[in-house]
Amino acid sequence: MSLHRLSVTEISAGLAAKKFTSLEVTNDCLNAINAAQDLNAFLTICDDSARKDASAADKLRASGDSRPLLGIPIAIKDVLSTKGIKTTCGSKILSNYIPPYDATVIRKLRDAGTVIVGKTNMDEFAMGSSTENSAFGPVKNPWKKDRVPGGSSGGSAAAVAAPLVPVALGTDTGGSIRQPAAFCNLVGLKPTYGRVSRYGLIAFASSLDQIGTFTRTVRDCAVVAEILSGRDAHDSTSVAQPVPHLVDGLSTSLKGLKLGVPKEYFIGGLSPEVNKAIKASLKQFEALGASIIDVTLPHTEAAVAVYYIIAPAEASSNLARFDGIRYGYRAKDSADLHDLYFKTRSEGFGPEVQRRILIGAYVLSAGYYDAYYLRAQKIRALIANDFRNAFSQCDLIVCPTAPTTAFKLGEKTSDPLAMYLNDVFTIPTSLAGLPAMSLPCGFDKESLPIGLQLIGKAWDEMTLIKAASAYEASTDWHKRLPTE
Amino acid sequence: MEYEAVIGLEVHVQLSTVTKIFCGSSTAFGAEPNEYVDPLTFGLPGSLPVLNRRVVDYAIMIGLAMNCEIRRFNRFARKHYFYPDLPKGYQISQFDEPICERGHIDVRIEDIVRTIGIKRIHMEEDAGKNIHDSRTQSSLIDLNRAGVPLLEVVSEPDIRSPAEAGAYMRAVRQLVRFLGISDGNMEEGSLRCDANISLRPVGVMKFGTRTEIKNLNSFRFVERALEYEIARQMALLKGGKTVTQETLLFDSATGTTKSMRSKEESADYRYFPDPDLPPLIVEDSWINEVRQQMPKLPEERVKELIELYGLSKYDAEVLTTERSTVDYFEAVLLVCRNAKLACNWVTSELFGALKKAGLDIERSPVGAASLGQLVKLIDDGTISGKIAKTVFEEMFGTGRSPQEILDAKGLKQISDPEEIRKTVRQVIAQSPQQTADYLGGNDRLLGYFVGQAMKATGGAANPRLVNEIILAELNLLKKA
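Predicted model, so just to flag it, every value in this text is computed and none were measured. (Residues numbered from 1 in each chain as written. Chains lettered and ligands numbered in written order. Predicted model: local features only at pLDDT ≥ 70, side-chain atom pairs only at ≥ 80, totals over all residues. Heavy atoms only, no water.)

**Observations regarding the overall build of chain B**
Scanning chain B for helices and strands turns up 15 helices and 16 strands. On C-alpha atoms alone, chain B measures out to a radius of gyration of 30 Å, which is more than a quarter above the 23 Å that the 2.2 N^0.38 rule sets for 480 residues. The principal-axis extent of the C-alpha atoms belonging to chain B is close to 100 × 55 × 55 Å. Per-residue burial for chain B yields a buried fraction of 51% across its 480 residues. Taking as baseline every contact in chain B between residues at least 6 positions apart, the subset at least 24 positions apart corresponds to 69%. Element-wise, carbon and sulfur atoms account for 50% of the exposed surface of chain B, whose accessible area totals about 23,300 Å². Looking at chain B, you have 60 positive and 67 negative side-chain charges, and the mean spots of the two groups are 3 Å apart. (Helix = DSSP H or I, 4+ residues; strand = E, 2+ residues; numbered from the N terminus. Rg over C-alpha atoms; globule rule 2.2 N^0.38 Å. Buried < 20%, exposed > 50% of the residue type's maximum accessible area, 1.4 Å probe, protein only. Contact = heavy atoms within 4.5 Å. Areas by Shrake-Rupley, 256 points an atom, 1.4 Å probe, with all protein chains shown as cover. Lys, Arg positive; Asp, Glu negative; His and termini not counted. Charge placed at Lys NZ, Arg CZ, Asp CG, Glu CD.)

This is the structure:
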């Protein structure tokens, strides 16, 4: 059977109608995962525990429990702490680390009866845009196996796109859900900063990291995102905003909706085919009743530079704990304490991680803090302000997710800066803490997916769902699956 | 050329909250190593800090007690360095937005009162403990202490002598114990001190080069280290040499300061605001709430003892050295009314017995109410002071109440004049020579008769009455 190709909603309906059991769905997913090992999407596969969880879900369902995620298989990016299950962050330094506690989102998923089938591959410590920075080998894009799936949540994206599972969790710091979603023809949501608890999320950049979803439909996204959301006492940066019932936002008409198109996002470096697809989607939105207006986000050009000061700074701090003393990799044969630190971190961290730690330490160092970190935070405030101003004229912002479609494996690995520019359209939203979603809006000449990005006002995931669902209902992009 | 010492002290106060500053693990002392550990204390990836608001209460309290401005908009900062007892690789502290600033505290040295400025007070977390095991040539790390809340109190460089530094430390200790926010025990590490000292010619405003002295584990060490360092720096300067800015360790065995191996050099801590903790807003309402609920300060209680109970300033100050003592004293006064008598009993008999037994007043076998009862019995004449001492010893040894002991031993003071008259007549009858001498004019022999009468009653007779009756009886004989 190929129950792994069904959406969350379809599986839930099928379970309710007793067409199949959760155990059967889970087994299909596990079989698919095992058959697709060449993608290298998974780092840990939880065969036994997944089957146990599925059987337990089936028992609950038999007793009348019909909650939306009960018995649904899910894959988890290996940056989230799962109790008793190895959590590596795609890094050698945590290759043997088994957390003694669950992240809050994991606890919520377990409480909802979700079945965790495995942990997915990723760029090391979420630093990357292609998943080529994993210590455990890159992930292949299921659409074309010589292409990257995007990063840093490439494993989760590939798992949902192949398809192997109906839904996966990812994390997004500067675009790490949205860009892989665009490369893999998926719906990828980054919630408002503070919407989802970061407790248990192994931190990269604390003021930017957010946990989100990969699904093949907007409805699935709404269902899962709602369950993940909510104030958590364990996370001082999570906010007590009421969690909306996102499925109420599913729409077919966008009458009265004002969409802003930022002129700064349609620049050189944007592939002509992506440009064309986005422009076509604008026409589609108009056909659905929305009006399109031009907006300006004047400080966009500074965003990548600002991000690559703030994110590495916070990363250099967050990764200081990986010293070989309490857990994780510890280098052997060290002469003294300093040597232990030096060897452990030089051997345990990959080159991109080391690069960012060094940049981060530099911009925080005495004498440079004001010129770099402080200044970057000030410009960040200006960028956030740009969005506030734009949102006084429109309800959502529409733009490309990524400047190109999926590039070839190895194409950009020798030029870190070229790699950084992949995130040019996703970074500003992260800096501003706004919710944003990528959804399928076409394919290029090589049949590679193109993603459309919707950016909402703070806490307004509802309008994102509204616009995305209406667009999806009037198009077929999301229905296509890879044939390779 | 006359030089003066310019001393500033950085004091770390370990707070006695129930749980740590950023997580719910216990701060209790004496656990097994790594017993009070949770994801944050262990520095596990994915863990996040959550502020314990009691720590802020305590910070506001000490800020108010030290006349500081309490900051409304506070931030926490990360201070980075690598060491095995620092699990996250950074300490959460406060950098340029500390909770209290610009305060002062009055410190008494003998009869002089000096006002020492308080530059700032900030909140931070403690590190764990690194124990070097020479047997196995390894380092053992205990993280129970990691995350315990600390307040760092930084004084202005207003202290001018080692004696003043000692007095300042004692004042800080008294304050934190009165506020109930810390044990303030230097030997146990709940009060720690680093000293900064430089010399400059008297009259000159510019500061000299300062050194920092660490590892000061008692008030005496603080004073001795500063004495040594002043002499050392003086010798350098008078010899035309310069003082090197460095961090020194105090060696208590030799009483000298030694240069630390420069393992830190000038460490760059790369401070930046902690992105896991939103800014802390301390509203006026919070400050007022703390102000209303905070315990009375030592000066206030001294004032009360003088004004309400008529004690001398000296007595009042002796009683307020510790909050537990003045609390005890006031509990004694709930039972007996004689403040002066109660004060004497607390400060001499009780203190003496406690010292001998090596106990704190909190662990006194004689409770305040019990002592109050005893003092009351003396005050209303039921027993003599001498008898009371015996009773007290028994109370201290057995924990029984004074009434129980009196009843058991039949030690009530004899105040019946007829009974005393009987005894006195017996004494006179048994002492013909002394009687004759007294009647012959030797008035000093009165003491002999009193002594004999007291002895005959086992010290239980009311001395005043004995005196009166002996005089009366002897006078009767005179007339005869």
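Additional details are given in the paragraphs that follow.
**Notes on the overall build of chain A**
Along the backbone of chain A there are 15 helices and 11 strands. The C-alpha atoms of chain A give 21 Å as radius of gyration, which agrees with the globular expectation for 484 residues (23 Å, within 12%). Each of the three principal axes of chain A carries a C-alpha extent, and together these read 65 × 55 × 45 Å. By residue count, 64% of the 484 residues in chain A fall in the buried class. For chain A, long-range pairs separated by at least 24 residues make up 76% of all intrachain contacts whose partners lie at least 6 apart in sequence. Taken as a whole, chain A presents about 16,600 Å² of accessible surface, with 54% of it coming from carbon and sulfur. The distance from the centre of the 52 positive side-chain charges to the centre of the 48 negative ones in chain A is 2 Å.

**Some remarks on the pairing of strand β1 (residues 3-14) of chain B**
All names here are of chain B. Counted residue by residue, β1 has 11 buried out of 12 residues, so it is predominantly covered. Examined bridge by bridge, β1 and strand β10 (residues 149-155) share 5 bridges and lie antiparallel to one another. Each residue of the ladder has a partner; that of V13, found in β10, is L151. (Pairing = 2+ DSSP bridges.)

**Section: the environment of D248 of chain A**
Along the polypeptide, D248 of chain A turns up in the loop between α7 (218-228) and β7 (258-262). Between the C-alpha atom of D248 of chain A and that of A222 of chain A, which follows or precedes it by 26 residues, the distance is 8.9 Å.

**Overview of the packing of aromatic side chains**
Counted according to the given criterion, the structure contains 30 aromatic pairs over all chains. Here the aromatic rings of F125 of chain A and F349 of chain A are separated by 5.8 Å at their centres, their planes lie at 70°, and the arrangement is edge-to-face. In this pair, F125 of chain A is assigned in the loop between β3 (115-120) and α5 (154-161) and F349 of chain A in the loop between α10 (337-348) and α11 (351-364), connecting sequence segments 224 residues apart. Here F125 of chain A matches F349 of chain A in class, with each residue buried. On the basis of an interplanar angle of 45° and a centroid distance of 5.5 Å, the ring pair of Y341 of chain A and F82 of chain B is categorised as tilted. You can see Y341 of chain A sitting in helix α10 and its partner F82 of chain B sitting in the loop between β4 (77-80) and β5 (90-93), one on each of two chains. The residue whose ring lies beneath K79 of chain B is Y269 of chain B, and the NZ or CZ to ring-centre distance is 4.3 Å. K88 of chain B extends its terminal NZ or CZ atom over the ring of Y90 of chain B, reaching a point 5.4 Å from the ring centre. (Phe/Tyr/Trp six-rings, centres within 6.5 Å; stacked < 30°, edge-to-face > 60°. Lys NZ or Arg CZ within 6 Å of the ring centre and 35° of its normal.)

**Focus: the nonpolar core**
The biggest cluster of nonpolar side chains holds 155 residues, and the ones touching the most others in it are F125, F285 and F387 of chain A. A total of 10 residues in this core trace back to one element, the largest contributor, which is helix α9 (residues 303-318) of chain A. One finds L9, V11, C23 and V153 of chain B within the second-largest nonpolar core, a separate group that totals 71 residues. (Core = buried A, V, L, I, M, F, W, Y, C linked by side-chain atoms within 4.5 Å.)

**Some remarks on the layout of surface pockets**
Left-over empty space is what a probe sized like a water molecule reveals as it rolls over the atoms. Residue and element names in this part refer to chain B. There is about 1,600 Å³ of room inside the second largest pocket. As for the second largest pocket, its lining consists of 48 residues, and the residues nearest its centre are R170, Q174, T320, T321 and E322. Considering every element that reaches the lining of the second largest pocket, the biggest residue donor is helix α2 (residues 162-179), with 8 residues. Its residues assigned to classes, the lining of the second largest pocket comprises 20 nonpolar, 11 polar and 17 charged. (1 Å grid on protein atoms, 1.4 Å probe; cavity = no way out; pocket = protein on both sides within 12 Å on 5 of 7 lines; lining within 4 Å. Points joined across faces, edges and corners; volume = space filled by probe spheres on them. Nonpolar A, V, L, I, M, F, W, Y, C, P; charged D, E, K, R; others polar.)

**Structural notes on the sheet that holds β4 of chain B**
Spatially, β5-β4-β15 (chain B) is the arrangement adopted by the 3 strands of the open sheet, whose pairing is antiparallel. Of all strands in the sheet, those with a lone pairing partner are β5 and β15 (272-273) of chain B, marking the two edges. Here β4 of chain B runs beside β15 of chain B; their pairing, made up of 2 bridges, is antiparallel. Each residue of the ladder has a partner; that of R78 of chain B, found in β15 of chain B, is F272 of chain B. Running at roughly 60° to β4 of chain B, α9 of chain A makes contact with β4, β5 and β15 of chain B of the sheet. (Axes fitted to C-alpha atoms, helices over the stretch in contact; angles between N-to-C directions.)

**Brief notes about the sheet that holds strand β13 (residues 247-251) of chain B**
Residue and element names in this part refer to chain B. Here 9 strands make up an open sheet; going across it, the order is β2-β6-β7-β10-β1-β11-β12-β13-β14 and the pairing mixed. Two strands bound the open sheet, and with one partner strand each, they are β2 (69-70) and β14 (256-259). Alignment of strand β6 (residues 100-109) against strand β7 (residues 112-125), held across 9 bridges, turns out to be antiparallel. Each bridged residue has a counterpart across the sheet, and for H104 the counterpart in β7 is G117. Along the sheet face, helix α3 (residues 219-238) touches β1, β11 (191-201), β12 (211-216), β13 and β14 and points at about 25° away from the line of β11.

**What to know about the interface of chain B and chain A**
Between chain B and chain A, the residue contacts involve 30 residues of the former and 35 residues of the latter. Where chain B abuts chain A, roughly 2,700 Å² becomes buried across the two surfaces, and 60% of that area is made up of carbon and sulfur atoms. On the surface where chain B and chain A come into contact, there are 1 salt bridge. A salt bridge links D276 of chain B to R198 of chain A, with the nearest nitrogen and oxygen atoms 2.8 Å apart. Joining chain B to chain A, the criterion identifies 18 residue pairs in polar contact (both at pLDDT 80 or more). (Buried area = accessible area lost by both parts, 1.4 Å probe. Salt bridge = Lys/Arg side-chain N within 4 Å of Asp/Glu carboxyl O. Polar contact = N/O pair within 3.5 Å; in protein donor to acceptor, adjacent residues only side chain to side chain.)

**A closer look at the state of the cysteines**
The full count for this structure, using the stated rule, is 0 disulfides over all chains. Free of any disulfide, C343 of chain B has its nearest cysteine sulfur in C336 of chain B, 11 Å distant. (Disulfide = S-S within 2.5 Å.)

**Brief notes about helix α10 (residues 385-398) of chain B**
Residue and element names in this part refer to chain B. For α10, spanning 14 residues, the distance from its first C-alpha to its last is 20 Å, which sits close to the expected 20 Å at 1.5 Å a residue. If you check which residues of α10 are buried, you get I387, A388, V391, F392, M395 and F396. Structurally, α10 contributes buried residues whose contacts are with α8 (339-357), α9 (368-379) and α11 (402-409). Two residues or fewer after α10 comes G399, characterised by a positive phi angle close to 80°. (Expected span 1.5 Å × (residues − 1).)

**Some details on the packing of helix α14 (residues 446-456) of chain B against helix α15 (residues 463-479) of chain B**
Working note: a packed helix pair is described by the angle between its axes plus the distance between those axes. All names here are of chain B. Running from N to C, α14 and α15 cross one another at 125°; their axes reach a closest spacing of 10 Å. Judged by the angle between their axes, α14 and α15 are oblique. Crossing of α14 over α15 shows right-handed handedness. Across the interface between the two elements, L446, F449, V450, A453 and M454 from α14 touch P463, V466, N467, I470, L471 and L474 from α15. Along the lines of polarity and charge, the residues of the contact of α14 with α15 split into 10 nonpolar, 1 polar and no charged. (Parallel < 35°, antiparallel > 145°, perpendicular 65-115°, else oblique. Left-handed = near helix turned anticlockwise from the far one by under 90°.)

**Notes on the side chain of S207 of chain A**
Considering the arrangement of structural elements, one finds S207 of chain A in the loop between β5 (187-190) and β6 (210-215). In this structure the side chain of S207 of chain A is engaged in a polar contact, spanning 2.9 Å, whose partner is the side chain of R380 of chain A.

**Examining the side chain of R61 of chain A**
Residues and elements named next belong to chain A. Take R61: it is sitting in helix α3 (residues 47-62). Comment: no salt bridge for buried R61; closest opposite-charge side chain is D58, at 5.6 Å. Not counting residues up to four positions away in its chain, the partners in contact with R61 are S12, L15, A16, S66, R67 and L70.

**Quick notes on the confidence of the model for chain B**
The share of residues in chain B with pLDDT of 70 or more is 98%, and the mean pLDDT across the chain is 92. If you check the scores for this complex, the pTM reads 0.90 and the ipTM reads 0.96. (pLDDT = per-residue confidence, 0-100.)

**Brief notes about helix α4 (residues 104-111) of chain A**
All names here are of chain A. Here α4 has its buried residues at T104, V105, I106, K108 and L109. Packing partners of the buried residues in α4 comprise β2 (73-77), β3, β4 (167-172), β6 and α7. Where α4 terminates, the next one or two residues include G113, which has phi positive at roughly 90°.

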